[in-house]
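Each chain, written out:
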Amino acid sequence: MNDRIIGILIHGIVLLTAFPVHECSHALAAHWMGDDTAKDQGRMTLNPLKHLDLFGTIFMLIGGFGWAKAVPIDPRNFKNRKVGMALSALAGPISNLLMAYISMILCKIAVYNSTNPYTAALSKLFLYAVFLNVGLAVFNLLPIPPLDGSRIFNLILPEKLYFKIMRYENIIFGLLFLAVFMGFLDRPLGFLRTSTVQLMDSISRWVDILILKFM
């Protein structure tokens, strides 16, 4: 029972950091480029209550892939609409990848010092943070509306074609939802998530080297 309670607490703590950081990064990037729409609506905050989406959170807990409430952005406030939308969209997944990398480092430090139940629990917390943040980044980088990847993909699409596609955003998202629910994306998303976690492990090997050197 204690392990189950700890597991629920770990999931909750990570979710209450991963989603807010992701969405706040969108708002912050847009603000830096001249659009204060999200800031004016109170979305440039780490308060999780401002960002969490019920179904997106449930999907994140069950399948490791999910979403939060979309941050409002007005591309008319950018000097270059396509670039502004792409960079503000990219900020979310990048923030999660940075959190995953930091969590990987902290996980390794905790593992090497897991001589008591507290550090062991911390290692589980940081490991879950790695997988959840990577899953969130990978899922949102898919070039499918309304995910962040579609805004980035817009850079290489003619603007007229992009806005034609966006007319069917709700239908496309419904099909994406169905594909995730039916498990059609489990293998490709799982491969991308595993590959990214392995990359995080590789580029944080310096932590293992330093710890083993000074143990």
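Residues take numbers from 1 onward in each chain, read along the sequence in its written order. Local features in this predicted model are restricted to residues whose pLDDT is 70 or higher, and side-chain atom pairs enter the listing and the counts only when it is 80 or higher, whereas totals over whole chains, interfaces and linings include all residues. Remark: hydrogens and water are excluded; side-chain values derive from all non-hydrogen atoms of the structure.

## A word on the layout of surface pockets
Now for step 1: Only protein atoms enter the calculation, which uses a 1 Å grid: trapped sets of points that fit a 1.4 Å probe without letting it out are cavities, open sets showing protein on both sides within 12 Å along at least five of seven lines are pockets, and any residue with an atom within 4 Å of a point is a lining residue. Grid points are joined across faces, edges and corners, and a volume is the space filled by probe spheres set on the points. Roughly 420 Å³ of internal volume is contained in the largest pocket.
Now for step 2: Lining the largest pocket are 20 residues, with A70, V71, P146, D148 and R151 sitting closest to its centre.
Now for step 3: Gly is placed with the polar residues, together with every amino acid not listed as nonpolar (Ala, Val, Leu, Ile, Met, Phe, Trp, Tyr, Cys and Pro) or charged (Asp, Glu, Lys and Arg). Classifying every residue of the lining of the largest pocket gives eleven nonpolar, four polar and five charged.

## Some thoughts on the side chain of S95
Now for step 1: Tracing the backbone shows S95 in helix α4 (residues 81-112).
Now for step 2: Each residue is placed in one exposure class: buried if its accessible area under a 1.4 Å probe, protein chains only, is under 20% of its type's maximum, exposed if it is over 50%, and partly exposed if it falls in between. Residue class for S95 comes out buried when judged on its relative accessible area of 9%.
Now for step 3: A polar atom in the side chain of S95 sits 2.6 Å from the backbone oxygen of G92.
Now for step 4: Contact definition: two residues touch when any of their heavy atoms are within 4.5 Å. With residues near it in sequence (within four places) discarded, S95 still touches V21, H22 and S25. Put simply, DSSP marks the helices as runs of H or I at least four residues long and the strands as runs of E at least two long, and each gets a number from the N terminus on. Two N or O atoms form a polar contact when they lie within 3.5 Å of each other; inside protein one atom must be a possible hydrogen donor and the other a possible acceptor, and for residues adjacent in sequence the pair counts only when both atoms belong to side chains.

## Let's talk about the nonpolar core
Now for step 1: By convention a nonpolar core is built from buried Ala, Val, Leu, Ile, Met, Phe, Trp, Tyr and Cys residues, the set being connected through side-chain atoms within 4.5 Å. Membership of the largest hydrophobic core comes to 15 residues, with the highest contact counts inside it found for V134 and F139.
Now for step 2: Those elements giving two or more residues to this core turn out to be α4, α5 (117-140), α8 (169-182) and α9 (186-202).
Now for step 3: When residues in this core are grouped by element, the largest group, four residues, is from α5.
Now for step 4: Listed in part, the 14 residues of the second largest apolar core include I10, V14, F19 and A110.

## What about the packing of α4 against α9?
Now for step 1: With axes taken as lines fitted to C-alpha atoms, and helix axes fitted only over the stretch in contact, angles between N-to-C directions fall between 0 and 180 degrees. Relative to each other, α4 and α9 sit at 55 degrees, their axes nearing to 10 Å. The angle between α4 and α9 falls in the class oblique. Every pair of crossing elements has a handedness; the one defined by α4 and α9 is right-handed. Within the contact between the two elements, α4 uses L97, A100, Y101, M104 and K108 and α9 uses T196, V197, M200 and D201.
Now for step 2: Residues belonging to the contact of α4 with α9 are distributed by class as follows: six nonpolar, one polar and two charged. Each angle receives one of four descriptions, namely roughly parallel if under 35 degrees, roughly antiparallel if over 145, roughly perpendicular if within 65 to 115, and oblique otherwise. For a crossing to be left-handed, the near helix must be turned anticlockwise from the far one by less than a right angle; the clockwise case is right-handed.

## With respect to the side chain of N133
Now for step 1: Within the element layout of this structure, N133 appears in helix α5.
Now for step 2: Contacts of N133, omitting those with residues within four sequence positions, involve V14, A18, N96, M99 and A100.

## A closer look at the pattern of salt bridges
Now for step 1: What counts as a salt bridge is simple: a side-chain nitrogen of Lys or Arg found within 4 Å of a carboxyl oxygen of Asp or Glu. For the structure on display, the rule yields four salt bridges.
Now for step 2: A salt bridge links D201 to K108; the nearest nitrogen and oxygen atoms lie 2.8 Å apart. Pair noted here: D201 is in helix α9 and K108 is in helix α4, with a separation of 93 residues, a long-range link.
Now for step 3: According to the relative accessible area criterion, D201 is partly exposed, its value standing at 25%.
Now for step 4: Put simply, K108 and D208 hold a salt bridge, and the shortest N to O gap is 2.8 Å. Residue K108 is located in helix α4, and its partner D208 is located in helix α10 (residues 205-214); the two are separated by 100 residues in the primary sequence.
Now for step 5: What makes D208 buried here is its relative accessible area of 15%.

## Here we look at a nonpolar patch on the surface
Now for step 1: Patch definition: residues with relative accessible area over 30% and no salt bridge; like charges joined within 9 Å; nonpolar side chains (Val, Leu, Ile, Met, Phe, Trp, Tyr) joined within 5 Å. Accessible surface area values rest on a Shrake-Rupley calculation with a 1.4 Å probe, where residue burial reflects the displayed protein chains alone. Together, V83, L87, L90, I94, L98, L141, F153, L155 and I156 line one region of the surface with nonpolar side chains, adding up to about 760 Å² of accessible area.
Now for step 2: With five residues, the top contributor of residues to the nonpolar patch is α4.
Now for step 3: Mapped onto the secondary structure, V83 falls in helix α4.

## Let's talk about the packing of α5 against α9
Now for step 1: α9 packs onto α5 with a crossing angle of 125 degrees between their chain directions and a minimal axis gap of 9 Å. If you check the angle between α5 and α9, you find them oblique. Relative to α9, the crossing made by α5 is right-handed. When α5 is examined against α9, the residues V130, F131, V134, G135, V138 and F139 are found in contact with a partner set consisting of L189, L192, R193, T196 and V197.
Now for step 2: Broken down by class, the residue content of the contact of α5 with α9 amounts to eight nonpolar, two polar and one charged.

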